[in-house]
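# Per-entry structural report
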Amino acid sequence: MNYHNITKEDMLNGEGLRVVLWVAGCNHHCKGCQNPETWDENGGIPFDKEAEDELFEALDKPYISGITFSGGDPLFPGNRSEVFRLIKKFKKQFPQKNIWLYTGYTWEQIQHLEGIEDIDVIAEGEFVEELLDNNIHWVGSSNQRVINVKETLAKSGELVLI
């Protein structure tokens, strides 16, 4: 997996003060995307041990609420195994912190992925430029949803939106 950046102390990509991992690779190619430079899975730089150490060092601050995976698309097929490995490690190391994940896939497309239950909040759906709505919190277009994963799974798949 490649990545473009690790943003520390971010307040725009989930609740609280967060660390954001911006991964490379996306097959949605949404018109009007904010990050088209992240579409190429070979773009950015390899996510190696040094990058992982930097990520987890940034997360180890008491004032950090959690991690957000964005990009690109963390659930791009070439990213999934590494992203879910990082999620497992994060949950073990920081059980009191939360995980947000942004993806162009819909809940219906990803709800059965192994490890999805470890994510707290998923902002899902492709960005649709014609449905741009600056009044919606956490996403850019009105077709996208911000889902509380734990509550949705507890209610047998009945969507619980944030």
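Now for a look at the structure at hand.

Rules and cut-offs
Residues numbered from 1 in each chain as written. Predicted model: local features only at pLDDT ≥ 70, side-chain atom pairs only at ≥ 80, totals over all residues. Heavy atoms only, no water. Core = buried A, V, L, I, M, F, W, Y, C linked by side-chain atoms within 4.5 Å. Buried < 20%, exposed > 50% of the residue type's maximum accessible area, 1.4 Å probe, protein only. Helix = DSSP H or I, 4+ residues; strand = E, 2+ residues; numbered from the N terminus. Contact = heavy atoms within 4.5 Å. Arc of directions from axis to C-beta. Polar contact = N/O pair within 3.5 Å; in protein donor to acceptor, adjacent residues only side chain to side chain. Phe/Tyr/Trp six-rings, centres within 6.5 Å; stacked < 30°, edge-to-face > 60°. Lys NZ or Arg CZ within 6 Å of the ring centre and 35° of its normal. Pairing = 2+ DSSP bridges.

## Here we look at the nonpolar core
Leu21, Leu55, Leu59, Phe69 and Ile119 are the most contacted members of the largest nonpolar core, which totals 32 residues. Those elements that place two or more of their residues in this core are strand 1 (2–10), strand 2 (18–23), helix 1 (49–59), strand 4 (66–71), helix 2 (80–93), strand 5 (98–102) and helix 3 (107–110). If sequence neighbours within four positions are ignored, Phe69 has contacts with Leu21, Pro74, Val83, Leu86, Ile87, Ile99, Trp100, Leu101 and Tyr102. Counting residues in each nonpolar core, the second largest holds seven residues, with Trp100, Tyr102, Val139 and Val146 among its members.

## Re the environment of Glu158
You can see Glu158 is positioned in the segment after helix 4 (149–154). Put simply, Glu158 and Asn98 are 60 residues apart on the chain and 21 Å apart in space, counted from C-alpha to C-alpha.

## Notes on unusual backbone geometry
Even without being a glycine, Glu9 presents a positive backbone phi close to 60 degrees. For Glu9, the location among the structural elements is in strand 1. A residue is classified by how much of its surface remains accessible, and Glu9, at 44% relative accessible area, is partly exposed.

## Looking at helix 1
The set of residues buried in helix 1 consists of Ala51, Glu52, Leu55, Phe56, Ala58 and Leu59. The buried side chains of helix 1 occupy one side of the element, clustering within an arc of 155 degrees when seen end-on. What points out from helix 1, more than 90 degrees from its buried face, is the exposed set Lys49, Glu50 and Glu57. Tucked inside the fold, the buried residues of helix 1 contact strand 1, strand 2, strand 4 and helix 2. Two or three places before Glu50, at the opening of helix 1, Asp48 has a side-chain oxygen 3.3 Å from that residue's backbone nitrogen.

## Here's the deal with the packing of aromatic side chains
The final tally for this structure, using the stated rule, is four aromatic pairs. Taking the centre distance of 6.3 Å and the plane angle of 15 degrees together, the rings of Phe56 and Phe94 count as stacked. With Phe56 in helix 1 and Phe94 in the loop between helix 2 and strand 5, this residue pair connects regions lying 38 residues apart in the sequence. There is no split in this pair, since Phe56 and Phe94 are both buried. The rings of Phe56, Phe90 and Phe94 are connected pair by pair, giving a single aromatic cluster. Sitting above the plane of the Phe56 ring, Lys89 keeps its charged end 4.5 Å from the centroid.

## So, the pairing of strand 2
Within strand 2, six of the six residues are buried, which leaves the element mostly enclosed by the surrounding structure. Side-chain alternation along strand 2 places Arg18, Val20 and Trp22 on one buried face and Val19, Leu21 and Val23 on a second face that is also buried. In terms of strand pairing, strand 1 meets strand 2 through five bridges, oriented antiparallel. By the bridge assignment, Asn5 is partnered in strand 2 with Trp22. Sheet topology places strand 2 next to strand 4; six bridges connect them, and they run parallel. Looking at the pairing, Trp22 lines up with Ser70 of strand 4.

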